[in-house]
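Examination of the molecular architecture
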Amino acid sequence: MIGGVPVPTFLGHARDLYRMGPANNDKLSALRVAVSVAVPGVFLVLVGRPELMMYAVFGALTGMYGRHESHQLRLKHQGQAAAMLLGGVCIGVALSVNHINSWWLVLVEALFAGVGSLYADAVRLKPIGPFFGILALGACASVPTNVPWAVAVLIAAASAAFSVVIGFAGWFRRRTWLAGATRNISLLRGPLNRAGLVHAARYLLAVGVTGIIGVLTGSGHPHWAMAAAAVPLAGADLPSRVHRGIHRIVGTFLGLAVVAVVLFPGPLSPLQYFPGHAAVVLAAVVILCQFPTELFMARHYGWAMVFFTPVILLVGQLAAPINPGVLVTERAIETFVGATVGIATAVVVQRRR
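The text that follows walks through the structure, step by step, so that each part is easy to find. Since the structure is predicted, the reported quantities are computational estimates derived from the model, not experimental observations. (Residues numbered from 1 in each chain as written. Predicted model: local features only at pLDDT ≥ 70, side-chain atom pairs only at ≥ 80, totals over all residues. Heavy atoms only, no water.)

Right, let's get into the overall build of the protein chain. Looking only at helices and strands, the protein chain features 14 helices and 0 strands. Element order for the protein chain, N to C, with α for helix and β for strand: α-α-α-α-α-α-α-α-α-α-α-α-α-α. Going through the 353 residues of the protein chain one by one, you find that 53% of them count as buried. Sequence-distant contacts, at least 24 apart, represent 81% of the contacts inside the protein chain between residues at least 6 apart. (Helix = DSSP H or I, 4+ residues; strand = E, 2+ residues; numbered from the N terminus. Buried < 20%, exposed > 50% of the residue type's maximum accessible area, 1.4 Å probe, protein only. Contact = heavy atoms within 4.5 Å.)

Let us now look at the side chain of Arg74. Tracing the sequence through the fold places Arg74 in helix H4 (residues 71-97). Despite its burial, Arg74 pairs with no opposite charge; the closest candidate is Glu69, at 6.3 Å N-O. Setting aside chain neighbours within four positions, we find Arg74 in contact with Arg32, Tyr65, Gly66, Arg67, Glu69 and Gly167. (Lys, Arg positive; Asp, Glu negative; His and termini not counted. Salt bridge = Lys/Arg side-chain N within 4 Å of Asp/Glu carboxyl O.)

Spanning 22 residues, helix H5 (residues 102-123) covers 31 Å between terminal C-alpha atoms, matching the ideal 32 Å at 1.5 Å per step. N-capping of H5 is provided by Asn101, with a side-chain oxygen placed 3.1 Å from the backbone N of Trp103. Just downstream of H5 lies Arg124, where phi reads positive at about 55 degrees. (Expected span 1.5 Å × (residues − 1). Polar contact = N/O pair within 3.5 Å; in protein donor to acceptor, adjacent residues only side chain to side chain.)

This part takes up the packing of aromatic side chains. Applying the stated criterion to the full structure yields 5 aromatic pairs. Aromatic pair Phe131 and Phe132: ring centres 5.0 Å apart, planes at 65 degrees, arrangement edge-to-face. Across the pair, exposure class does not vary: Phe131 and Phe132 are buried alike. Ring geometry for Phe296 and Phe307: centres 6.1 Å apart, planes at 10 degrees, overall stacked. Of this pair, Phe296 sits in helix H12 (residues 278-297) while Phe307 sits in helix H13 (residues 301-319), and the two are 11 residues apart along the sequence. Its relative accessible area of 18% is what places Phe296 among the buried residues. Relative accessible area serves as the criterion here: at 23%, Phe307 is assigned to the partly exposed category. Ring pairing ties together the aromatic residues Tyr65, Phe131, Phe132 and Phe308, which thus form one cluster. Its end group placed over the ring of Tyr301, Arg244 keeps NZ or CZ at 4.2 Å from the ring centre. (Phe/Tyr/Trp six-rings, centres within 6.5 Å; stacked < 30°, edge-to-face > 60°. Lys NZ or Arg CZ within 6 Å of the ring centre and 35° of its normal.)

Omega for the bond connecting Lys126 with Pro127 falls within 30 degrees of zero, at 10 degrees, which places this linkage in the cis form. Its place among the elements puts Pro127 in the loop between H5 and helix H6 (131-142). One non-glycine residue, His99, lies in positive phi territory at about 55 degrees. Within the secondary structure, His99 sits in the loop between H4 and H5. At Arg124, a position not held by glycine, the phi torsion is positive, near 55 degrees. Secondary-structure assignment places Arg124 in the loop between H5 and H6. The class of Arg124 is partly exposed, set by a relative accessible area of 43%.

Within the structure shown, the criterion is met by 2 salt bridges. Note that Arg49 is salt-bridged to Glu51, the shortest N-O span being 2.3 Å. Judged by its relative accessible area of 16%, Glu51 falls in the buried class. One salt bridge connects Glu294 with Arg67, and the closest N-O pair in it is separated by 3.7 Å.

This part is about the environment of Val262. With respect to the helices and strands, Val262 occurs in helix H11 (residues 238-263). The spatial distance from the C-alpha of Val262 to the C-alpha of Gln272 is 9.5 Å, given a sequence separation of 10 residues.

Right, let's get into H4. For H4, built from 27 residues, the straight-helix expectation of 39 Å at 1.5 Å per residue is met to within 8% by its first-to-last C-alpha distance of 37 Å. The buried fraction of H4 amounts to 19 of the 27 residues, a majority that puts the element mostly inside the structure. His99 lies just past H4 and shows a positive phi near 55 degrees.

Before going further, it helps to spend a moment on the packing of helix H2 (residues 26-46) against helix H7 (residues 149-168). Direction vectors running N to C along H2 and H7 enclose 140 degrees, while the axes themselves pass 9 Å from each other. Compared by their axis directions, H2 and H7 come out oblique. H7 is crossed by H2, and the crossing has right-handed handedness. Where H2 approaches H7, its residues Arg32, Val35, Ser36, Val39, Pro40 and Leu44 are matched on the opposing element by Ile155, Ser159, Phe162, Ser163, Ile166 and Gly167. In terms of residue class, the contact of H2 with H7 is made up of 7 nonpolar, 4 polar and 1 charged. (Axes fitted to C-alpha atoms, helices over the stretch in contact; angles between N-to-C directions. Parallel < 35°, antiparallel > 145°, perpendicular 65-115°, else oblique. Left-handed = near helix turned anticlockwise from the far one by under 90°. Nonpolar A, V, L, I, M, F, W, Y, C, P; charged D, E, K, R; others polar.)

Laid out in structure tokens, this is it:
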């Protein structure tokens, strides 16, 4: 028991690592997201700018929202999600263009996490919380921007708009419109306001503390740890937050094995079979991994991370290549530190009944 809340045993969490949730038309939503990533990704490869794929991917994550809602509700839901994702991209690119140092990144990203939490709770985003916006901000801020700020943001916005079109495309087949259907918006007043503020404080504290640890220890990518710290906090209660943190660590470590196979020289790496076309191969792997990411996202978060980890790391490698050994090692350390701080924050900061 922690704070009067029962916490599953280690054995219980271990069992959950291989327990798959029920299917719910996941293939269709996974296909929508995969197409949303593939089309702008292929376009950028064809025009010879695969290094810009990061901005397209973050815009395309708009397609992950509103997966089981009716078309007009999904349209509104994805518009609300796009606002948060594009906000993260805009701020991140602005930090990169102005060469802001790591301390400013920690401050801005922590504040964005807190404000993003309030926004996500108010509009009831699902996937829950501001994680993808936090991730977009940190990733875009951490790579040099070799195009004008407006171009990078326009790529993300165009990709988000395309995702919304893909999400709404089914309406043209059924042409059903539910009169009076609206998305429930939480009025953050009274108890809901207090709960929202406490939840925002968790995000602010977890992301900020993790970023400070990263800067003080000389981490090359503190934004990875800050994003990982936000993951456990999306759980509905303490046990689910611990559960998500463990899934994040284990899933990321398995995903890093996939990244190592792709980037390290060896008979299994696809790079050796297409010499001189490394960027195209990495872009193809990103596109292929997006489908299983969304396929497992609602059923098993750990398995989703196995495929999402290559997506994020390889688009970063396209934008700003670094030594693969350093990439894998630092991501493993940052993820473990961030998820651990996120779990600890969930344990320490609890709302009084």
